[in-house]
Structure formats: C-alpha cells, structure tokens
Amino acid sequence: MENFDYIVVGAGSSGSVIANRLSENNKIKICVIEAGGSNQHPYVKMPAGFIKTINDKRFNWCFKTEGSDYVNNREILFPRGKGYGGSSSINGHLYVRGQPDDYNQWAQLGNLGWSYDDVLPYFKKSEYKENGDEATRGKQGPLYVSDIVEKHPLCEEFIRGSSELGIQVQNDYNSGQQEGIFYYQRTIKNGTRFSAYDAFLKPALKRENVNIKKNTTVLKIIFKNKKAVGLLCKKNNKTFEIFANKEIILCAGAIGTPHLLQVSGIGDAKYLKSIGIEPLFEIKNVGEGLQDHYAVRVANRITEPISLNEKARGFNLILEIIKWFTSKKGLISYSPAHVGAFLKSSPKIDFPDLQFVFTPASYTEGMIGKLQNFPGMTCGVWQSRPQSRGYVRASTNKITDPPIIQPNYLKEKIDQDALVEGVKICRSLLRTSTMKKISVCETLPGDNIKSDEEILNFIRNKGATVYHAIGSCRMGVDNKAVVSPSLKINGLSNIRIADASIMPTMPSGNTNAATLMIAEKASDLIKQDL
C-alpha cells in the first residue's frame, strides 16, 4: 500500500502543470497516474505528425461520438490524448487564449476569482513568448509559444486578399483583442512539438518527490463516507490501491474525469443504477453540459503545384523528412493550420463569434488525415461560442469500456446559422481577386451547393470536432454545478477537478491555453489549503 500527499489522475495538460507546481515544495509527495505511455515517438515530436496521431491508438483514445439527427446520425471520430502530455501531445499546436469577455462571463456567473483580470497572471505565468507586450504576454514561463517563421506564399496571398473584404491584420490575438487576420502562435520550439509534458512534467519528474505510474488504469475512486481517500488501479493485469493523505486531483479531461466519477458511483443515481453502478453520492450533472467546437472546411483546387499536397508524397516527402531531422525545418515542422482569423457572423454582434483556419493544403473529403492528390488549399471555420450542449455518460460499470459521448453538435439554431455564415465567409476569403488568380475550382462543398439549406446539409454531413471538449463537470455557485470556484467537488472532500471539464462556458478559441491556465490557478488554490 502506497501513500502520497497528492495523487494527480492524468499526466495530460493540466496534470503536467499540477505536478510541476505542487512539487516545487519538496516536502510534498506527489504521485501522477497515467493510462498511457511516455509519448516519445517521432510522430509526437514532429509537428506534422498530428496527421498520424489523430488515428493512432498508441497515443489517442480514438473515441467516437454517438450519432444524432443534427449531424445526420453520423458517428464522429473524437480524439483524446493518451500518454504523457495528453492531448497537448497530439493536438494542432495552436495557442489561443480566447477573449477577455469569456472569462468575465465566468465571473458574472458567480465564479469569483475567474475574471479576465484574475486569470491573466496565470496565462502569463505558464508561457514564454519572446515578443509581445509584457502587459499581456509571459516572458519567463516554461511553455514555449512561437510565431510561424516559414511563411508559405499561399498564406501571404490569403492575408493579402482578405484586405479586399475589409479585414485588418491582428498583430497579437492573445493580447486581449482578437478580431482580424493573423499567423497562428504555436507550442512549437525549434521545429519540434513542445507539449505540456516538455514544459511542465519532464522537469517535475527530475524531482525526488514526484512519482509517476504510466500505463496504469484508475478503475475507481475510493471513498470513506464523503471523503476521497484513494484509488483502485490496475497495471499489467494486477490491481492495487494507492492512497492520498491530502487530496486527489482529477485531470483526466472533459471525457475522462466525468467517466471516472460515474464508474466510482458519483453522478445521476437513477442512470448509474441502470448500467449496474451502485450510486455512492448523487451529483446529477456529472457528465452533463458537454460542449465542443464543430468545424467545417471549404477547399479549392489551385493552378500551380505549390501547396503542401505535393511535398507530402513520394520522393518529396523523403526530402522533407530528411530536412526535419537535419534542420527541424520544412513541411514536418508545420502545424496543421497556418493562418487564422476571428470574425463576426453579423455586424450586429459585439465580438467575433467565428474562428477561421487556413492551410496551404487540402484534405480528402475535407478531413484532416489524408491529403488530396492535386494542389489545393483549405479554409475552415467553427463557431467560437456554441450554445449546443450534450453529455458524457458511462456506458457500463467498467472504466475500460468507452463512454457515451454526445456533444449535440448543431442542436441549437444559433449554431446552425453561425456556421452557414461561416461557410459563406470562407468562400468569400477564397474568392477574392487575389485568390481567384490561383484557384481552379471549389472542390468542397462544390459550386453546386448554393442555398442556405444546402450549405447547412453540407455542414451536417461533413463537419467534425476540433477536439475542444469542455464543460462536463461545470464550475459554478448554483445547485447544478459540479465544482465550486475553488474547484472542489460539491458535497465531497479531499477531491478537486482541474481540467477543461470545469469550464462553465466555451472560450473563444482553442482550449489548451485555457486548460493550462486552469491548472496554474488550481495549483495556487491547492497551495492555499496547505
């Protein structure tokens, strides 16, 4: 039987931060438990390896969503990171904080201490950004955030063409003002992925007070009355118990955290009984309120063989791989998205509600994973703050059986309308006079798709997740919230949640930066209770 002061469940983005910050106090004994491995494969280290890890069960849980009428009953691949660094080891590298109003809304919902002014110091604490305003950007943090150096000519043309639509260049979308067009900032250092493992967990593992158990499954949380005291785990077909003197900190993400709570008997009692789980404590909204970004892509064939499609095949690909191993430059060092924009779906709204991605490449059926065999370019879009909500529910009483994931994409009409406008804007960006010179035709959805109804049906048929699951263990002060603003699970003791599942509403952007911020703040909240 092993005892530690703190047990961190999950060595992903938030777990890596928590392990690092708590272990700064060498009197604290910490154990991190991770279901996956060490994630040191070249596919993980290569930024362009994203195209491989998205479907690889060595690094990815490769879940699927439950079908719904809103997406024409499709099951959609739902990647979740597995192993050191979690989803930060397989994501698209983009570092996006969101808008100040996102966090001010959290505070307005009663979550005192979570306004933009409150969380900005934690964003700054986690990052190292060489340039940018010191008032908003971190200069001494462990997470390296870089700008794109190799600017593809198609990207330059795309930005130049956007000015015809009155779109302004945004110099730093992470400075508090998002609107405009820009090159994305990425968690890439010297042409190599720089994950939460690299920034936070790797240095923490050098400390004697940190113990990590990889390839270990947490079967359930052990409670004594309403106090979380330990975990039942399994590794190499052997089960064992591990105990926490102070706290258990759940960092398994918006899918893993509610799933673990449910199989441990925490959730909606009636539902738990229906799948053979004996309820311990009823917290009805564990797993409820799941949100995600749902993206759709417009692709064009182009006249000249200058896209990434040509570099990613045959002898050209071999040359690019050699270039990466020798100089860490070229195709293999690229993030999937190069240029981005935050724009409004209507002039009547106050803040941008659409996020765009432009890539000098095109994918088969518009999905990331396989490039088309002719030159192409892609502009994708998703609604920044979707209103549709779904759920995560255990499917059986075993943690090893995949949970039911139902994001309810496009359930709300406002989400449908925003994405229809988003597709129209994608088309406009690809049809400026600048881009027309190099464009042959639209390959996705195709020129035959014209009416709003046809566009919406295309969105239902071809849209997919952007891997930004949040909100399934919502923070709040109302009686439906799962955790309080201190991130303690309501009604229980010695247990907190410190991952994306606690977000009350969706940030306007990719969610990894906000997840790291949550973990930074959680570390301070935990230290305050020492």
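Thresholds, definitions, all that
Residues numbered from 1 in each chain as written. Predicted model: local features only at pLDDT ≥ 70, side-chain atom pairs only at ≥ 80, totals over all residues. Heavy atoms only, no water. Pairing = 2+ DSSP bridges. Helix = DSSP H or I, 4+ residues; strand = E, 2+ residues; numbered from the N terminus. Contact = heavy atoms within 4.5 Å. Axes fitted to C-alpha atoms, helices over the stretch in contact; angles between N-to-C directions. Patch = residues over 30% accessible without salt bridge, like charges linked within 9 Å, V, L, I, M, F, W, Y side chains within 5 Å. Areas by Shrake-Rupley, 256 points an atom, 1.4 Å probe, with all protein chains shown as cover. Salt bridge = Lys/Arg side-chain N within 4 Å of Asp/Glu carboxyl O. Buried < 20%, exposed > 50% of the residue type's maximum accessible area, 1.4 Å probe, protein only. Arc of directions from axis to C-beta. Polar contact = N/O pair within 3.5 Å; in protein donor to acceptor, adjacent residues only side chain to side chain. Disulfide = S-S within 2.5 Å.

Q: It is not clear to me how the sheet that holds strand S8 (residues 185–186) should be interpreted in this structure. Could you clarify?
A: Picture the strands of a sheet paired through backbone hydrogen bonds; they go either parallel or antiparallel. As summarised here, the arrangement of the three strands in space is S5-S6-S8, forming an open sheet in which the pairing is mixed. What marks the edges here is a single partner per strand, and that holds for strand S5 (127–129) and S8. Two elements, S5 and strand S6 (residues 143–147), share three bridges in a ladder whose sense is parallel. Opposite glutamate 127, over in S6, you have leucine 143 as the bridge partner. Where helix H5 (residues 116–126) meets the sheet, it contacts S5 and S6, and its direction lies at approximately 70 degrees from that of S5.

Q: What is the right way to read the side chain of asparagine 309 from this model?
A: Residue position: asparagine 309 is located in helix H10 (residues 308–311). Not counting the four nearest positions on each side in its chain, asparagine 309 is found in contact with Ala361, Ser362, Leu371, Gln372, Phe374, Pro375 and Gly376.

Q: Any chance you could explain a nonpolar patch on the surface here in plain terms?
A: There is a patch of nonpolar side chains on the surface, built from Phe315, Ile318, Leu319 and Ile322 and spanning about 400 Å² of accessible area. Residue position: leucine 319 is located in helix H11 (residues 314–327).

Q: What exactly am I supposed to notice about the pattern of salt bridges here?
A: A side chain with one charge may pair with a side chain of the opposite charge, provided their charged atoms come close. Taken as a whole, this structure holds 24 salt bridges when the rule is applied. Ionic pairing is found between glutamate 2 and lysine 213, a salt bridge with its closest N-O pair at 2.7 Å. Taken together, the residues glutamate 2 in strand S1 (residues 2–9) and lysine 213 in strand S11 (residues 210–213) connect sequence positions 211 residues apart. Residue glutamate 2 is classed as partly exposed on the basis of its relative accessible area, which comes to 32%. Overall, lysine 213 belongs to the buried group, its relative accessible area being 14%. The partner of glutamate 320 in a salt bridge is lysine 323, with the nearest N and O atoms 3.9 Å apart. You can see glutamate 320 and its partner lysine 323 sitting in helix H11, three residues apart, about one turn around the helix. Note on glutamate 320: relative accessible area 6%, which makes it buried.

Q: Explanation requested: helix H4 (residues 100–108) in the structure shown.
A: The set of residues buried in H4 consists of Pro100, Asp102, Tyr103, Trp106 and Ala107. Taken down its axis, H4 places every buried residue within 165 degrees of arc, on the same side. Turning to H4, the residues buried within the fold contact H5 and helix H15 (512–528). Backbone geometry just after H4 places glycine 110 at a positive phi near 110 degrees.

Q: Just to check I follow, could you spell out the side chain of glutamine 355 for this structure?
A: Inspection of the secondary structure assignment puts glutamine 355 in strand S20 (residues 354–359). A distance of 3.1 Å separates the side chain of glutamine 355 from the side chain of tyrosine 184, its partner in a polar contact.

Q: Any chance you could explain the sheet that holds strand S22 (residues 390–393) here in plain terms?
A: Reading across from one edge, S17-S22-S23 is the order of the three strands in this open sheet, with antiparallel pairing throughout. Here the strands that pair on one side only, and so sit at the sheet edges, are strand S17 (288–290) and strand S23 (404–406). Put simply, the sheet's adjacent strands are angled 35 degrees from each other on average, direction ignored. Bridge analysis of S17 against S22 gives two bridges, and the strand direction is antiparallel. When the bridges of S22 are listed, leucine 290 appears paired with glycine 390. Set on the sheet, helix H8 (residues 253–263) makes contact with S17, S22 and S23; between it and S22 the angle comes to about 50 degrees.

Q: Is there a simple way to think about the state of the cysteines in this case?
A: Each disulfide is one covalent bond, formed between the sulfur atoms of two cysteines. Enumeration according to the criterion identifies zero disulfides in this entry. Cysteine cysteine 251 is unpaired, with the sulfur of cysteine 473 as its nearest cysteine sulfur at 12 Å. Overall, cysteine 473 belongs to the buried group, its relative accessible area being 0%.

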